[in-house]
Amino acid sequence: MAKSTDTPLFPILPQTPVGIARMAAAAEHADDGHLIEFKTLEVRSILNRSISKRQLSLAYSINPYRGCEFGCKYCYARYTHEFMAPTLGESMTGGTAPAADFRDPLTFERMIFLKQNAAWLLEQELKKIDRRDEVALGTATDPYQPIERRARITRSLLEVFARKDGYRLGIVTKSRLIERDTDLLVEIARRNTLVVHVTITTPDAKLARLLEPRAPRPDLRFQAVKRLREAGIVAGVFGSPLLPGITDTEEALDGLARRAAAVGASFFAAHPLFLKPCSRPTYLSFVREHFPALQTDYAKRFATADFAGKEYRERLIKMVDGACRRYGLGKRSSDALLTRNEDGGGKRPAQNVGTVVRQQRLFA
């Protein structure tokens, strides 16, 4: 009997990875930092369609980098590196595969990918979208993490928006580096709708260094909000996430809102912590080391769900609303958009990005 020349149903040799795993396999070394390796990533798109089960109107997201240097203990995006790992039966042959375990949450902050040709891609893709649709910059990785000083990918994207009219752009960052691009932000705001969101989890520098080890100090972030407001840019403060037993008290929220008002913030918002499986080992290790008395409480809170309970969420909403009223700050709603108000008009935007960034497509 002649032997079949057909491909066997269960091939012995591993298959070549596909999709983002294939791109990761082909990524080349670009730079080094302290305990960090940077690699180029040849992507086919920079503008990612956002999908929301709640049918929110946020249409597109942009993340100039894949992975983030800041190393925030509570980061919800760590699992996105898992998509770059080859699946069962695939190998990393055929490329310069990074010697990294993409399923290790720490790899997210230790191997950062720089998306190539981002500005050219954005220029082409903006021609195909409705200008009324919202675009969010920095939903999963900070667009102003330290490598941006050299790579300047975010700035190249803002240069594209500065030449456009009528778009809606929201930016989320923890970095004072955004001040570098004030010239472009002013031009974008003149011809488009622009809102900047500076995340300040706590004004306590010591606590911030433990939570967000490589992010700028809180006082420098408040200073960034002040300077953006002085330039006429709509900019506000996110006191997020609110950490149970640590930063979710009336006193803590009041202190954040008071400081936000002192620098002229356009709005103030905060939403509760949610712990995806990828976030738990890193964050709970932080709790175990620095707040051991809270271990039982966290085990109970997140025993069956990643998200805070309804009663707890509602209590925090009331606390945040009260702080906004006391200091005359614009409020944010979890259902509104990055650049729109709760009522659809007016000067002050009103939205909490937390409910949006949970959608997988935002992390691309």
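Computed from a predicted structure; not experimentally measured.

### Section: the overall build of the protein
Scanning the protein for helices and strands turns up 12 helices and 11 strands. Across the 364 residues of the protein, 54% fall into the buried class. Just so you have it, the protein exposes about 17000 Å², and 51% of that area is on carbon and sulfur atoms.

### Points about the pattern of salt bridges
In this structure the tally under the stated criterion is 23 salt bridges. A salt bridge links Glu37 to Lys39; the nearest nitrogen and oxygen atoms lie 3.6 Å apart. We classify Glu37 as partly exposed; its relative accessible area is 23%. Looking at Lys39, the relative accessible area reads 6%, which means it is buried. A salt bridge links Asp183 to Arg155; the shortest N-O distance between them is 3.0 Å. Taken together, the positions of Asp183 in helix α6 (residues 182–191) and Arg155 in helix α5 (residues 153–162) put the pair 28 residues apart, joining distant regions of the chain.

### A look at the packing of helix α9 (residues 250–262) against helix α12 (residues 310–327)
Where α9 meets α12, the closest approach of the two axes is 9 Å, and the angle between their N-to-C directions is 35°. When the axes of α9 and α12 are compared, the crossing they make is right-handed. The residues of α12 that touch α9, namely those facing Glu250, Leu253, Asp254, Ala257, Arg258 and Ala261, are Met319, Val320, Ala323, Arg326 and Tyr327. Residue composition of the contact of α9 with α12, by class: seven nonpolar, no polar and four charged.

### A few points about the side chain of Asp254
With respect to the helices, strands and loops of the structure, Asp254 is situated in helix α9. Classification of Asp254 as buried rests on a relative accessible area of 17%. Within the structure, the side chain of Asp254 is placed 2.8 Å from the side chain of Tyr327, a separation counted as a polar contact.

### Overview of unusual backbone geometry
The peptide bond linking Ser240 to Pro241 adopts the cis configuration, its omega dihedral lying at -5°. With respect to the element layout, Pro241 can be found in the loop between β10 (235–238) and α9. One non-glycine residue, Asn117, adopts positive backbone phi at about 60°.

### Remarks on α5
Among the 10 residues of α5, nine are classified as buried, and the element is accordingly described as predominantly covered. Burial in α5 covers these residues: Ile153, Thr154, Arg155, Ser156, Leu157, Leu158, Val160, Phe161 and Ala162.

### A closer look at the packing of α5 against α6
Contact pair α5 / α6: the axes reach a minimum separation of 8 Å and the direction vectors enclose 30°. It follows that α5 is roughly parallel to α6 by the angle criterion. Where α5 crosses over α6, the two elements pack in a sense that is left-handed. Across from Arg155, Leu158, Glu159, Phe161 and Ala162 in α5, the residues of α6 making contact are Asp183, Leu184, Leu185, Glu187, Ile188 and Arg191. A class-by-class count of the residues in the contact of α5 with α6 yields six nonpolar, no polar and five charged.

### Examining the packing of aromatic side chains
Here the structure, examined in full by the defined rule, presents eight aromatic pairs. Above the face of the Tyr312 ring, Arg301 is positioned so that its terminal group lies 4.6 Å from the ring centre.

### Let's talk about the nonpolar core
Within the largest apolar cluster, 64 residues are counted, with the highest numbers of intra-cluster contacts made by Ile62, Leu122, Leu158, Phe161, Leu169, Ile171 and Phe268. Contact partners of Leu122, with chain neighbours within four places excluded, come to Ile46, Leu47, Ile62, Leu157, Val160 and Phe161. Core analysis: the next-biggest nonpolar cluster, separate from the first, contains 21 residues, Cys68, Cys72, Ala215 and Tyr298 among them.

### Topic: the side chain of Thr199
Secondary-structure assignment places Thr199 in strand β9 (residues 193–199). Taking the relative accessible area as the measure of exposure, Thr199 reaches 8% and is therefore buried. When near neighbours in sequence (up to four residues on either side) are disregarded, Thr199 contacts Val172, Thr173, Lys174, Arg221, Phe238 and Ser240.

Conventions used here
- For every chain, the first residue of the written sequence is number 1, and numbering continues from 1 onward in sequence order.
- Per-residue local features of the predicted model are confined to residues with pLDDT of at least 70, and side-chain atom pairs are confined, for both listing and counting, to 80 or more; whole-chain, interface and lining totals are unaffected and use all residues.
- In computing side-chain properties, one takes all heavy atoms of the structure into account and sets aside hydrogens as well as water.
- Only DSSP runs of H or I with at least four residues qualify as helices, and only runs of E with at least two residues qualify as strands; both kinds are numbered from the N terminus onward.
- Buried residues are those whose accessible area, probed at 1.4 Å on protein chains only, stays under 20% of the maximum for their type, while exposed residues exceed 50% and partly exposed ones sit between those limits.
- Here, Shrake-Rupley sampling with a 1.4 Å probe gives the accessible areas, and only protein chains in the shown set may cover a residue.
- One side-chain nitrogen of Lys or Arg within 4 Å of one carboxyl oxygen of Asp or Glu is enough to make a salt bridge.
- What counts as an axis is a line fitted to C-alpha atoms, over the stretch in contact for a helix, and the angles between N-to-C directions run from 0 to 180 degrees.
- Handedness of a crossing follows from how the near helix is turned relative to the far one, being left-handed for an anticlockwise turn of less than a right angle and right-handed for a clockwise one.
- Any two residues having at least one pair of non-hydrogen atoms within 4.5 Å are treated as being in contact.
- Residue polarity is assigned by list, with Asp, Glu, Lys and Arg as charged and Ala, Val, Leu, Ile, Met, Phe, Trp, Tyr, Cys and Pro as nonpolar; anything else, Gly included, falls into the polar class.
- Here a polar contact is recorded for every N or O atom pair within 3.5 Å, except that within protein the pair must consist of a potential hydrogen donor and a potential acceptor, and residues adjacent in sequence are included only if both atoms are side-chain atoms.
- Here roughly perpendicular refers to angles of 65 to 115 degrees, roughly parallel to angles under 35, roughly antiparallel to angles over 145, and oblique to all remaining angles.
- For this analysis, a ring pair means two rings from Phe, Tyr or Trp (six-membered ring only for Trp) whose centres lie within 6.5 Å, classed as stacked if their planes differ by under 30 degrees, edge-to-face if by over 60, and tilted for the remaining angles.
- Charge-over-ring contacts are defined here by two conditions on Lys NZ or Arg CZ: a distance within 6 Å of the ring centre and an angle within 35 degrees of the ring normal.
- To form a nonpolar core, buried Ala, Val, Leu, Ile, Met, Phe, Trp, Tyr and Cys residues must be joined to one another through side-chain atoms within 4.5 Å.

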